[in-house]
Amino acid sequence: MTPDNLDAALVRGARAGDSGAQRALVERYRETVYRLARTATGDSEEAFDIAQEAFVAAFGALSRYDPERSFKTWISAITLNKCRDWARRRAVRRFIGLPMAEQATDWIADDAPSAETLVADRAELAATARAIAGLPANLKDVLILCKVEGLSQQETAIALGISVKAVETRLSRARQKLVGILRGGPDARV
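Presented here is an overview of the structure given in this document. What you are looking at is a predicted structure, and each value in this text was computed from that prediction instead of being measured.

## A closer look at the overall build of the chain
Reasoning step 1: Along the backbone of the chain there are 8 helices and 0 strands.
Reasoning step 2: Seen in sequence order, the chain has helices and strands lined up from the N terminus as α-α-α-α-α-α-α-α.
Reasoning step 3: Counting all 190 residues of the chain, 38% fall into the buried class.
Reasoning step 4: When contacts within the chain are restricted to residue pairs at least 6 apart in sequence, long-range pairs at least 24 apart make up 59% of them.
Reasoning step 5: On the chain, roughly 10,600 Å² of surface is accessible, and the fraction owed to carbon and sulfur atoms is 51%.

Shown next, in the form of C-alpha cells:
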C-alpha cells in the first residue's frame, strides 16, 4: 500500500470515529508538523502547541479533506496557517508591550553527529534559524515547505494556493534574502 493510499484509509477510519486511525495519522505526521512549526516560528516550545492546534484543526476539518490530495501537503498547509496565527498574536503582544522571549538560539537539530560539531555549528544554526523565522511569511512558507519539509514545488503550490511559478519565484527570492541576511548585507535586518 502506498503512503497516499494508507493515508486515505486512515482518514476514512478517522472520519468513521476510529481513534486508532486518528492516532496513526498523528504518529505518521507529528514530527513533520512539529519540525515545520519549529522552523516557521523559531520557537521550539511554541511549536509543540502549534502542532497540537494543527492536528485538532485537521481532525475537525476531515470532512473537507480531499483524498486525492496528499495528506502531508494538507496538514502542512494547516500547520502554516497555525504558525501565521501565532505570528499575528505575537505581533499584537509586541505592539501592546508584553514581553516575548526570543528563543530561536536555543533550539538545535536533535540529530547532531557530535558535541564538537554541535558547538562549532551552534552560532551558524542560530543565525540561520533567526534569518528563516524573520523572513516575510510568503517567502518563509515556500522555503520551509520545499527545502525543509521536502515537498515538491507542485505540492507547495497546492498547499499555499498559489501557482508553481509563484513558488519558484518566492523560493528564489527567499534564498537571495537569506544569503544577504547571513552575509550581513543590506538584507541583514531580520
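## Re the pattern of salt bridges
Reasoning step 1: With the rule as written, the count across this model stands at 6 salt bridges.
Reasoning step 2: Here Arg-35 and Glu-149 are joined by a salt bridge, their closest N and O atoms 3.1 Å apart. Linking Arg-35 in helix α2 (residues 19-41) with Glu-149 in the loop between α6 (137-148) and α7 (153-160), this pair joins segments that are 114 residues apart in sequence.
Reasoning step 3: Look at Arg-35 and you get partly exposed, because its relative accessible area is 29%.
Reasoning step 4: Taking the relative accessible area as the measure of exposure, Glu-149 reaches 4% and is therefore buried.

## A closer look at the packing of aromatic side chains
Reasoning step 1: One pass over the full model with this rule turns up 6 aromatic pairs.
Reasoning step 2: With centroids separated by 5.5 Å and ring planes inclined at 70 degrees, the aromatic side chains of Tyr-65 and Phe-71 adopt a geometry described as edge-to-face. Like Phe-71, Tyr-65 is buried.
Reasoning step 3: Through successive ring pairs, a cluster of aromatic residues spans Tyr-29, Tyr-65, Phe-71 and Trp-74.

## A word on the environment of Lys-177
Reasoning step 1: Its place among the elements puts Lys-177 in helix α8 (residues 164-182).
Reasoning step 2: On the accessibility criterion, Lys-177 (23% relative accessible area) is partly exposed.
Reasoning step 3: When the C-alpha atoms of Lys-177 and Leu-135 are compared, they prove to be 7.9 Å apart, with 42 residues separating the residues in sequence.

## Considerations on the nonpolar core
Reasoning step 1: Judged by nonpolar contacts, the single largest core of 28 residues is most densely connected at Leu-80, Leu-135, Val-142, Leu-143, Leu-145 and Leu-178.
Reasoning step 2: Among the elements of the structure, α2, α3 (44-60), α4 (71-96), α5 (115-134), α6, α7 and α8 are those that each provide at least two residues to this core.
Reasoning step 3: A per-element tally of this core places α6 first, with 6 residues.
Reasoning step 4: With near-sequence residues (within four places) excluded, Val-142 lies in contact with Thr-156, Leu-160, Ile-162, Val-167, Arg-170 and Leu-171.
Reasoning step 5: Among the nonpolar cores identified, the runner-up in size contains 18 residues, and Val-11, Tyr-29, Ala-61 and Leu-62 belong to it.

The rules behind the values
- Residues numbered from 1 in each chain as written.
- Predicted model: local features only at pLDDT ≥ 70, side-chain atom pairs only at ≥ 80, totals over all residues.
- Heavy atoms only, no water.
- Helix = DSSP H or I, 4+ residues; strand = E, 2+ residues; numbered from the N terminus.
- Buried < 20%, exposed > 50% of the residue type's maximum accessible area, 1.4 Å probe, protein only.
- Contact = heavy atoms within 4.5 Å.
- Areas by Shrake-Rupley, 256 points an atom, 1.4 Å probe, with all protein chains shown as cover.
- Salt bridge = Lys/Arg side-chain N within 4 Å of Asp/Glu carboxyl O.
- Phe/Tyr/Trp six-rings, centres within 6.5 Å; stacked < 30°, edge-to-face > 60°.
- Core = buried A, V, L, I, M, F, W, Y, C linked by side-chain atoms within 4.5 Å.

Structural measurements only, silent on function.
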